[in-house]
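Close look at the chain arrangement
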Amino acid sequence: MPEIQISQKKWVQTFIALSLVALTLYLVALTRNAWKTNDYIGKSTESPHTITISGKGKAYAIPDIAQVSLGLKTEKSNVTDAQIENTKKINALHDQLQKLDIPKKDITTTQYNVYPVYDWANNRQNLRAYSVDQSISLKIRDFEKIPKVLQLIGELGLNQVGSLSFTVDDMEKFEQEARLMALKDAKEKAKTLAKEAEVKLGRVISFSENNTVPPPYMPYYKSYAMEAGAVSDAPAPTIQAGNQEITVQVTISYEIL
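Some thoughts on the pairing of strand β3 (residues 107-121)
Relative to strand β4 (residues 124-140), β3 is paired through 14 bridges, and the arrangement is antiparallel. Across the sheet, residue Tyr115 finds its bridge partner in β4, namely Ser131. What sits between the antiparallel neighbours β3 and β4 is a turn of 2 residues, in which Asn122 has the positive phi angle 55 degrees.

What follows is the structure, encoded as C-alpha cells:
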C-alpha cells in the first residue's frame, strides 16, 4: 500500500509540472502576439483617420531659348545641279550664322533628302526633276539676334522654314518654385480645415503631384521668302518672347490625431 501512495504522489507532481510548463508557453505566446500587435506605444492596428487636401502653385518663366528650323528645297533636272545649288545656299547660311556668333553646338542638321519628283499625265508617271531637301535646327540664346537670323530667310532665298518657338532651358527650377508654393497652399488649407473641425493634424500619409508645363510658345511667323521669293532688303521682323506659366497641383493626406 505505501508503494501505491508514492506512485500516485509522483504522478500528481509530474502532472503539475507539465501544467506549469504548458501555462508558461501559453503566456509567452500571448506576450509575443501582443508585441507584434503593438510595435510601439500608441500605434493602432486600425487605419488612421485622414484628411485629404489639394494645393496649387504657379511660377512664371521668361523663355531664354528660341528655336527655329531653316532649310531649302531645290529642284533641278539632275541630281548634281540640285545638290550644288542647295549646298551652296545652305553653306552660305552657315557662314552667316557664324558671323552672328551662333555656336556650332546650337546648329544641328535635321534633314538631308534626295528624291525624284514625278508628274502624273496620260495615266503614267513622268520624271520632272530631282529634289534636294536640307534643313537645320537652330537654337538662339541671344534674343537680339533673332531678327537678324530671320532676315537671312529672304536674303538667302530659303523656302523651308519651321515655326519659331520659345522655351526655357532650366524648366525644373521653375517647377520646383511652383511645387513649394503648392505645398504651402495645401498645408494652409489643411490647417484651416483642421481648426474648424477641432482636430489636430498628424503625419503625412500620402502625397501626389500633377504638373502642367506649357509647350514651347510659338508666335505666328510667316516666311516672306516662301511667298515672294528671295528679298534681300526685306525688313527684320520684331519678335516678342513673352513668358510661360508653370502650374503644379499637389494632393496631400494628413493623419488626424
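Moving on, there is more to tell.
Notes on unusual backbone geometry
Residues other than glycine seldom take positive phi values, yet Asn122 does so here, at roughly 55 degrees. What makes Asn122 exposed here is its relative accessible area of 75%. The residue Asn123 is not glycine, and still its phi comes out positive at about 60 degrees.

Considering the confidence of the model for the chain
Low-confidence regions, as indicated by low pLDDT, have predicted coordinates that should not be scrutinised in detail. With 71% of its residues at a pLDDT of at least 70, the chain reaches an overall mean of 81. Across the chain, element-level confidence peaks in helix α2 (residues 79-99) with a mean pLDDT of 96 and bottoms out in helix α5 (residues 224-228) with 41. Throughout residues 220-232 the model reports pLDDT below 50, and contacts reaching past four residues in sequence, or to other chains, amount to 26 contacts.

Some details on the packing of α2 against helix α3 (residues 146-156)
Contact geometry for α2 and α3: axes closest at 11 Å, N-to-C directions at 150 degrees. Relative to α3, the element α2 lies roughly antiparallel. The two elements α2 and α3 cross, and the hand of that crossing is right-handed. Side by side, α2 and α3 meet where Lys89, Ala92, Leu93, Gln96 and Leu97 of the first sit next to Val149, Leu152 and Leu156 of the second. The residue inventory of the contact of α2 with α3, partitioned by class, reads 6 nonpolar, 1 polar and 1 charged.

Rules used throughout
- Residues numbered from 1 in each chain as written.
- Predicted model: local features only at pLDDT ≥ 70, side-chain atom pairs only at ≥ 80, totals over all residues.
- Heavy atoms only, no water.
- Pairing = 2+ DSSP bridges.
- Helix = DSSP H or I, 4+ residues; strand = E, 2+ residues; numbered from the N terminus.
- Buried < 20%, exposed > 50% of the residue type's maximum accessible area, 1.4 Å probe, protein only.
- pLDDT = per-residue confidence, 0-100.
- Contact = heavy atoms within 4.5 Å.
- Axes fitted to C-alpha atoms, helices over the stretch in contact; angles between N-to-C directions.
- Parallel < 35°, antiparallel > 145°, perpendicular 65-115°, else oblique.
- Left-handed = near helix turned anticlockwise from the far one by under 90°.
- Nonpolar A, V, L, I, M, F, W, Y, C, P; charged D, E, K, R; others polar.

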